[in-house]
Amino acid sequence: AHAYAKQRDYAQFSSSLELTLQRNITLLGDLQEALRLNQLTMHYQPKIDLATNAVIGVEAVIRWRHPVYGDIAPDDFIPQAEQSTLILKVTEYVISRVMRQIADWQEQGLRIPIAINISSHDIMATGFVARLLAELERFDIDGEMIEVELTEGALVNDLAHTQLELLRLNQAKIMISVDDFGTGYSSLQYLHRLPIAGIKIDRSFIKNLPHDDGGRYIVDAAVALAKNMGIQTIAEGVETPSANAYLRKIGCDVVQGFYYTQALPADKFVAWYREFQPTKTH
Ligand code: C2E
Ligand code: MG
Ligand code: MG
Ligand code: MG
């Protein structure tokens with residue numbers, strides 16, 4: 001009976017694995033379709049300079065409203081897309097949407113730089129930087145209007161190749177920042193080897209500030225490290241006034257999070273921005 005039970009467990013395990021695989025295959029098929037049908041949109045979350053209280057840019061995050069399953073979070077499809085070359089198509093889509101958005105805003109007299117999330121597969125793929133630069137040219141947009149967010153994992157994959165690609169971005173005045181800082185397995189070597197302009201401290205360290213000692217020690221150290229290196233610190237996931245006040249006190253440069261607003265569709269973001277910025281007009 002025992003052996004049978006084991007066999008049954010195995011059968012269950014294998015069928016749930018198959019189910020997961022099948023679900024992922026369906027998901028990727030649907031994602032491909034969504035790309036073709038323009039069912040993916042970008043939302044924008046502001047980045048606020050703590051010294052001036054000005055919005056210095058936004059981060060673009062992707063949104064997928066599936067016709068049957070409803071909203072699917074990026075954490076539930078980006079990792080799957082990264083298992084195949086489909087991520088390259090997703091990034092291509094993100095870049096073209098973001099370029100159009102920058103151009104639209106510029107026509108309305110709004111100069112709002114946009115940060116995009118780039119996967120390690122994008123950096124590893126040949127021609128990624130060339131294509132990004134070609135898009136800038138095509139839309140007649142300055143490199144300063146684009147920021148690239150990369151995770152630590154993406155940076156240490158192939159340091160020599162990454163170094164070349166990032167230098168080319170840097171030469172085009174595209175700012176490069178390290179996303180989810182503090183959650184990767186990497187050494188910190190890349191920080192001085194690569195043209196990194198800023199670190200985004202992961203929100204797990206930020207959310208319970210200033211009460212959580214563990215988070216506070218790491219945030220204090222990250223801000224000090226960045227200051228010594230002359231690079232920018234961004235805190236993501238700022239949800240409370242006390243976290244915001246603490247970050248201001250220790251000299252963190254930029255903040256982002258639900259305390260200000262969640263990521264919003266472009267038109268809603270502009271309404272929020274006009275409301276938030278009135279002090280800038282006098
Ligand atoms: P990320 O780049 O670290 O993005 C930050 C995530 O934190 C976003 O979730 C954002 O909505 C969320 N967030 C912002 N403020 C707060 C806050 O105060 N509290 C909490 N709890 N969360 C906050 P989202 O949009 O679900 O994105 C999750 C991840 O998916 C992103 O992490 C990024 O790694 C990936 N991702 C999103 N859009 C894209 C994309 O266009 N391309 C690629 N390659 N990855 C993307
Ligand atoms: Mg990001
Ligand atoms: Mg992040
Ligand atoms: Mg993340």
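Residues numbered from 1 in each chain as written. Chains lettered and ligands numbered in written order. Predicted model: local features only at pLDDT ≥ 70, side-chain atom pairs only at ≥ 80, totals over all residues. Heavy atoms only, no water.

> What exactly am I supposed to notice about the site of ligand 1 here?
Neighbouring ligand 1 are 20 residues, the closest being R63, D179, R203, E239 and F258. Separating an oxygen atom of ligand 1 from a side-chain N or O atom of R203 is a distance of 2.5 Å. Between E236 and ligand 1, the recorded distance is 3.3 Å, taken from a side-chain N or O atom to an oxygen atom. Here ligand 1 loses 85% of its free accessible area of 800 Å² to cover by the protein chains. Of all the cavities here, the one that holds ligand 1 is the largest pocket. Only β1 (40–49), β2 (55–66) and β6 (175–181) provide two or more residues apiece to the shell around ligand 1. Here the shell around ligand 1 gets four residues from one element, more than from any other, and that element is β2. Considering only residue class, the shell around ligand 1 consists of eight nonpolar, four polar and eight charged. (Near = heavy atom within 4 Å. Polar contact = N/O pair within 3.5 Å; in protein donor to acceptor, adjacent residues only side chain to side chain. Areas by Shrake-Rupley, 256 points an atom, 1.4 Å probe, with all protein chains shown as cover. 1 Å grid on protein atoms, 1.4 Å probe; cavity = no way out; pocket = protein on both sides within 12 Å on 5 of 7 lines; lining within 4 Å. Sits in = over half its atoms within 2 Å of the grid points. Helix = DSSP H or I, 4+ residues; strand = E, 2+ residues; numbered from the N terminus. Nonpolar A, V, L, I, M, F, W, Y, C, P; charged D, E, K, R; others polar.)

> What am I meant to see in the nonpolar core here?
For soluble globular proteins, the rule of thumb is that nonpolar side chains tend to be buried together. Y44, W105, L247 and F269 are the most contacted members of the largest nonpolar core, which has 81 residues in total. Take this core: its biggest share by element is eleven residues, from helix α3 (residues 86–107). In this structure, F269 is in contact with Y44, P46, V55, V58, W105, I112 and L264, ignoring residues within four places of it in sequence. (Core = buried A, V, L, I, M, F, W, Y, C linked by side-chain atoms within 4.5 Å. Buried < 20%, exposed > 50% of the residue type's maximum accessible area, 1.4 Å probe, protein only. Contact = heavy atoms within 4.5 Å.)

> Just checking my understanding: could you explain the coordination of the magnesium ion (ligand 2) for this structure?
Reference values for angles at a metal are 109.5 degrees in the four-donor tetrahedral case and 90 or 180 degrees in the six-donor octahedral case. For the magnesium ion (ligand 2), the full set of protein donor atoms is E59 (OE), N117 (OD1), E149 (OE) and D179 (OD), and the range of their distances to it is 2.0 to 2.2 Å. Here the donor residues for the magnesium ion (ligand 2) map to a single chain with the spacing E-x57-N-x31-E-x29-D. (Donors = N, O, S within 2.8 Å, 3.2 Å for Na, K, Ca; no water.)

> Please explain the side chain of T162 as it appears in this structure.
Relative to the elements of secondary structure, T162 occurs in helix α7 (residues 159–171). A relative accessible area of 0% means that T162 is categorised as buried. Excluding residues that lie within four positions of it along the chain, T162 makes contacts with I123, A154, L155 and L194.

> Which parts of the structure should I look at to understand helix α11 (residues 241–249)?
Since there are 3.6 residues in each turn of an α-helix, residues three or four apart along the chain are aligned in direction. Taken together, the buried positions of α11 are occupied by A243, N244, Y246 and L247. All buried residues of α11 project into a common sector of 165 degrees when viewed along the axis, lining one side. Away from the buried face of α11 by more than 90 degrees, exposed residues P241 and K249 are located. For α11, the elements touching its buried residues are α9 (203–206), α10 (213–229), β8 (232–235) and β9 (254–255). Two residues or fewer after α11 comes G251, characterised by a positive phi angle close to 85 degrees. (Arc of directions from axis to C-beta.)

> Honestly, the packing of aromatic side chains in this entry has me stumped. Any pointers?
The geometry of an aromatic ring pair is captured by the separation of the ring centres together with the interplanar angle, meaning the angle of the planes. All told, the structure shown has eight aromatic pairs when counted by the stated rule. For the pair Y259 and Y260, a centre-to-centre distance of 4.9 Å together with 70 degrees between the ring planes defines the contact as edge-to-face. What makes Y259 partly exposed here is its relative accessible area of 35%. The class for Y260 is buried, based on a relative accessible area of 15%. (Phe/Tyr/Trp six-rings, centres within 6.5 Å; stacked < 30°, edge-to-face > 60°.)

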